[in-house]
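Given next are the chains, with one letter for each unit.
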Amino acid sequence: MQAALDQLERLLRAYNHVYAANLAAVARETYAQDPSAACRMLNSDEWWDSRESVAAIDLAVDGGFTPMAREDAQALRRALIEVFTTMLAYGEANPAGELIVSQFQKWMESHV
């Protein structure tokens, strides 16, 4: 989870999503101290359930669909899947997140 949050922060900063990167940094620091509290914090609309959520960010679009931007978008999705899976392990269910992660997993399987 720490590595996934690190990667999220790095990727989001690289594409100038400063607020979302800061959310990832705060979640990472909280997770280091109290994993359950971090998972409760991550279980929010800000992360999973709006057009402005962290999960809605598409680095491929932001990067002009370059090969690197597409790779970064896939890395972002993998990190978000890991974050969501960890949330579930700590008992934090989120219906919107479940739908988004399910779609991410389908895209990963089809190499989108």
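Quick note: structure is the one above.
Everything in this summary refers to the structure shown in the same document. For every chain, the first residue of its written sequence is number 1, and the numbers climb from 1 along that sequence. The predicted origin of the model limits local features to residues at a pLDDT of at least 70 and limits the giving and counting of side-chain atom pairs to 80 or more, whereas totals for whole chains, interfaces and linings rest on all residues. With hydrogens and water excluded, all non-hydrogen atoms of the structure serve as input to the side-chain values.

Comments concerning the packing of helix H1 (residues 2–14) against helix H2 (residues 18–33)
Each pair of packed helices can be summarised by the angle the axes make with each other and by the distance between the axes.
Phase 1 of the analysis: Angles run from 0 to 180 degrees between N-to-C directions of axes, and those axes are lines fitted to C-alpha atoms, restricted for helices to the stretch in contact. Only DSSP runs of H or I with at least four residues qualify as helices, and only runs of E with at least two residues qualify as strands; both kinds are numbered from the N terminus onward. As a packed pair, H1 and H2 sit with axes 8 Å apart at the nearest point and diverge in direction by 160 degrees. Taken together, the axes of H1 and H2 are roughly antiparallel relative to one another. Relative to H2, H1 is oriented so that their crossing is left-handed. Between H1 and H2, the residues in contact are Gln2, Leu5, Asp6, Leu8, Glu9, Leu12 and Arg13 and Val18, Ala20, Ala21, Asn22, Ala24, Ala25, Ala27, Arg28, Tyr31 and Ala32, respectively.
Phase 2 of the analysis: Throughout, the ten residues Ala, Val, Leu, Ile, Met, Phe, Trp, Tyr, Cys and Pro are labelled nonpolar, Asp, Glu, Lys and Arg are labelled charged, and all others, Gly among them, are labelled polar. The residue makeup of the contact of H1 with H2, split by class, is eleven nonpolar, two polar and four charged. An angle below 35 degrees is treated as roughly parallel, one above 145 as roughly antiparallel, one from 65 to 115 as roughly perpendicular, and anything else as oblique. For any pair of crossing helices, the crossing counts as left-handed if the nearer helix is rotated counterclockwise from the farther one by less than a right angle, and right-handed if it is rotated clockwise. Whether two residues are in contact is decided by their heavy atoms, any of which lying within 4.5 Å being enough.

Things to note about the packing of aromatic side chains
Phase 1 of the analysis: The pairing test for Phe, Tyr and Trp rings, Trp by its six-membered ring, is centres within 6.5 Å, and the orientation test on the planes gives stacked under 30 degrees, edge-to-face over 60, and tilted for anything in between. Scanning the model with the defined rule gives four aromatic pairs in all.
Phase 2 of the analysis: An angle of 40 degrees between the planes, with centres 6.4 Å apart, marks the rings of tryptophan 47 and tryptophan 48 as tilted. Comparing tryptophan 47 with tryptophan 48, the two get one shared label, buried.
Phase 3 of the analysis: Ring plane angle 75 degrees and centroid distance 5.2 Å describe the contact between tryptophan 48 and phenylalanine 84, whose orientation is recorded as edge-to-face. Of the two residues, tryptophan 48 is situated in helix H4 (residues 45–48) and phenylalanine 84 in helix H6 (residues 67–89); the sequence distance between them amounts to 36 residues. Here tryptophan 48 and phenylalanine 84 have matching classes, each one buried.
Phase 4 of the analysis: Put simply, the rings of Trp47, Trp48 and Phe84 touch in pairs and so form one group of aromatic residues. Exposure categories follow from relative accessible area, calculated using a 1.4 Å probe and restricted to protein chains: below 20% of the type maximum is buried, above 50% is exposed, and the middle band is partly exposed.

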